[in-house]
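So you can see what is in the structure, the chains are spelled out below.
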Amino acid sequence: MALNYIWSGFFLVGFVAALGQWLFLGDSEIFKRVVDGTFSSAKIAVMDIALPLAGVMTLWLGIMNIGERAGAVDLIARVIAPFFARIFPGVPRNHPANGHMVMNFSANMLGLDNAATPFGLKAMESLQSINPNKDEASDAQIMFLVLQTSGLTIIPLSIMAQRAILGAKDPSDIFIPCLIATFFSTLTAIITVALRQRINLFDRVVVAWLGGTTAVIGGGVWYLANFLTKPEIELFSKITSNLVLFSIIAVFIAGALRKRVNVYEAFIEGAKGGIQTSLTIIPYLVGMLVAISVIRNSGVLGMIVGAVDWVLINLGINNDWTGALPTALMKPLSGSGSKAMMIDTMTTYGVDSFVGRLSAIMQGAADTTFYIIALYFGSVGIRKTRYAISAGLIADVAGVVAAIFVAYLFFG
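Each value, and the rule that gives it
- The residue numbering used here restarts from 1 in each chain and proceeds along that chain's sequence as written.
- Totals for whole chains, interfaces and linings use every residue, but because this is a predicted model, local features are given only for residues with pLDDT of at least 70 and side-chain atom pairs only at 80 or more, for both listing and counting.
- For side-chain calculations, the full set of non-hydrogen atoms in the structure is used, while hydrogens and water are omitted.
- Secondary structure elements follow DSSP: runs of H or I no shorter than four residues count as helices, runs of E no shorter than two count as strands, and numbering proceeds from the N terminus.
- Whether two residues touch is decided by their heavy atoms; if any such pair falls within 4.5 Å, the residues are in contact.
- Computed over the protein atoms alone on a 1 Å grid, cavities are sets of points where a 1.4 Å probe fits but cannot get out and pockets are open sets with protein on both sides within 12 Å along at least five of seven lines; a residue lines them when it has an atom within 4 Å of a point.
- Grid points are joined across faces, edges and corners, and a volume is the space filled by probe spheres set on the points.
- When residues are grouped by polarity, Ala, Val, Leu, Ile, Met, Phe, Trp, Tyr, Cys and Pro land in nonpolar, Asp, Glu, Lys and Arg in charged, and all others, Gly among them, in polar.
- For Phe, Tyr and Trp, where Trp contributes only its six-membered ring, two rings pair if their centres lie within 6.5 Å, and the inter-plane angle classes them as stacked under 30 degrees, edge-to-face over 60, or tilted in between.
- Each residue gets one of three labels from its accessible area relative to the maximum for its type: buried under 20%, exposed over 50%, partly exposed in between, using a 1.4 Å probe on protein chains only.
- Side-chain atoms alone can form a polar contact between residues adjacent in sequence; in general such a contact is a pair of N or O atoms within 3.5 Å, and within protein one must be able to donate a hydrogen while the other accepts it.
- Take a side-chain nitrogen of Lys or Arg and a carboxyl oxygen of Asp or Glu: if they are within 4 Å of each other, that pair is a salt bridge.

(A) Structural view of the side chain of Ser150. Mapping Ser150 onto the fold places it in helix H6 (residues 139–150). Ignoring sequence-local partners within four residues, the contact set of Ser150 consists of Thr182, Ser185, Thr186, Ala189, Ala365, Ala366 and Asp367.

(B) Region of interest: the layout of surface pockets. Looking at the second largest pocket, its volume works out to about 310 Å³. As for the second largest pocket, its lining consists of 20 residues, of which Ala328, Leu329, Pro332, Leu333 and Leu393 are closest to the centre. Within the residue set of the lining of the second largest pocket, elements represented by two or more residues are helix H13 (300–315), helix H14 (325–330), helix H16 (354–365) and helix H18 (388–411). For the lining of the second largest pocket, the leading source of residues is H18, giving four residues. Across the lining of the second largest pocket, the residue classes tally to 17 nonpolar, no polar and three charged.

(C) Highlighting the packing of aromatic side chains. Counted under the stated rule, the structure contains 13 aromatic pairs. A centroid spacing of 6.0 Å and a plane angle of 70° characterise the contact between Trp22 and Phe31, whose relative ring orientation is edge-to-face. Given a relative accessible area of 42%, Trp22 falls into the partly exposed group. Owing to a relative accessible area of 29%, Phe31 belongs among the partly exposed residues under this scheme. Ring plane angle 45° and centroid distance 4.7 Å describe the contact between Phe354 and Tyr408, whose orientation is recorded as tilted. Here the residue Phe354 occupies a position in helix H16, and Tyr408 occupies one in helix H18, the gap between them amounting to 54 residues. With relative accessibility at 30%, the residue Tyr408 sits in the partly exposed group. Grouping aromatic residues by their ring pairs yields a cluster made of Phe83, Phe84, Phe88, Phe105, Phe144, Trp209 and Tyr376.

(D) View of the side chain of Ser353. Mapping Ser353 onto the fold places it in the loop between helix H15 (335–349) and H16. Owing to a relative accessible area of 19%, Ser353 belongs among the buried residues under this scheme. Within polar-contact distance, the side chain of Ser353 engages the backbone oxygen of Tyr349 at 3.3 Å.

(E) Highlighting the pattern of salt bridges. In the structure shown here, the tally under the stated rule is ten salt bridges. The closest approach of N and O atoms between Asp173 and Arg163, which form a salt bridge, is 2.9 Å. Highlighted residues: Asp173 in the loop between helix H7 (157–165) and helix H8 (175–197) and Arg163 in helix H7, separated in sequence by ten residues. One exposure class covers both Asp173 and Arg163, and it is buried. In this structure, the salt-bridge partner of Arg357 is Asp352, at a minimum N-O distance of 3.8 Å. The exposure class of Asp352 is partly exposed, given its relative accessible area of 23%. Via salt bridges that share partners, Arg163, Asp173, Asp352 and Arg357 belong to a single interconnected network.

(F) Molecular detail of the environment of Val16. Tracing the backbone shows Val16 in helix H1 (residues 2–25). Val16 gets classed as exposed once you look at its relative accessible area, which sits at 57%. Taking C-alpha positions, Val16 is 9.5 Å from Val300, a pair spaced 284 residues apart along the chain.

(G) Layout of the environment of Ile66. By the secondary structure assignment, Ile66 is in helix H2 (residues 30–70). Distance in space between the C-alpha atoms of Ile66 and Asp320 is 52 Å, their sequence separation being 254 residues. If we skip the residues at most four places from it in the chain, Ile66 touches Phe252, Ile253, Ala256, Val263, Ala266 and Phe267.

Take a look at the structure:
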């Protein structure tokens, strides 16, 4: 029911906001902008997201099937089983979903969005196969989805590239702040869902895995920051991410050939589900993106920023950071919208200004909650999201708060 009220609220609040701007501010174009935005968003959902995704899904579901036939996915599932058995207690230790989730998380951390989405959708499909109530999200699906919305990425390459395009003196100076903010968001996501599901986070295996992951990420950041120049960090990111991705394909194929699997037939068999998955999610994407466009084009975000500014000024609290708030507010709603907000903020205030850098950190602090819910839950027909939205938004808020503190620490 939460998604039902939120979705309806986007339209109703947007209408009230647009009506107010027409009646009190004389903005006669407001309704046209909102309606034009709904048509544009509907087109984007189908032509720019769902249909291109069909090709990517077809490729990677085929590759995934080869990996399953080769036994690689099962091997990954066995390796990660002790940790996943604790945070996904409803998933059997050797279930393929474990391997699918690991591959999705790995692709996300490396910034490989094109590969991460098919892996994630396959993981959600695997989790749905053991979900006793097919129209309601299971505990495991909620944990998986909320971890998705926290958006843990080791190197925010696209953000650094955009800063370079806009003429930043040091495009990658937000690298470590972004990593800290998104890691804090992910940690909050795990803790929030674990508390709701009564998962013991002090279990030795959980502590060892989380502590080990923290050490690896921290060690990687320390090495990159102290031994590589900024251009070398960007080059390292490009080579490592794409090498890992291509290595996955090569290893899957080699393993399948070793087991005498007909690799091409295995690829075709798996690839057949790509187009169907993309068609399934179209109604969910159209519904969510159109509702988001109403909120964006009706000026609601601007009103929220203005209200926050007014409150902070009257309380005598520093409001230097509110110029980046539109990026934070848009991020849970739309990835492309928040990117546009980030670019606009960096252009307005300066790419190397405090607000410009903060907007970049906020962009990298978490992922797009409502889009991910529409995409992942929509792909398997889940309508009852339970507490997935609230938990995802808590992680988003944690990422934003961390981004503000980290920005003041590094650039304030």
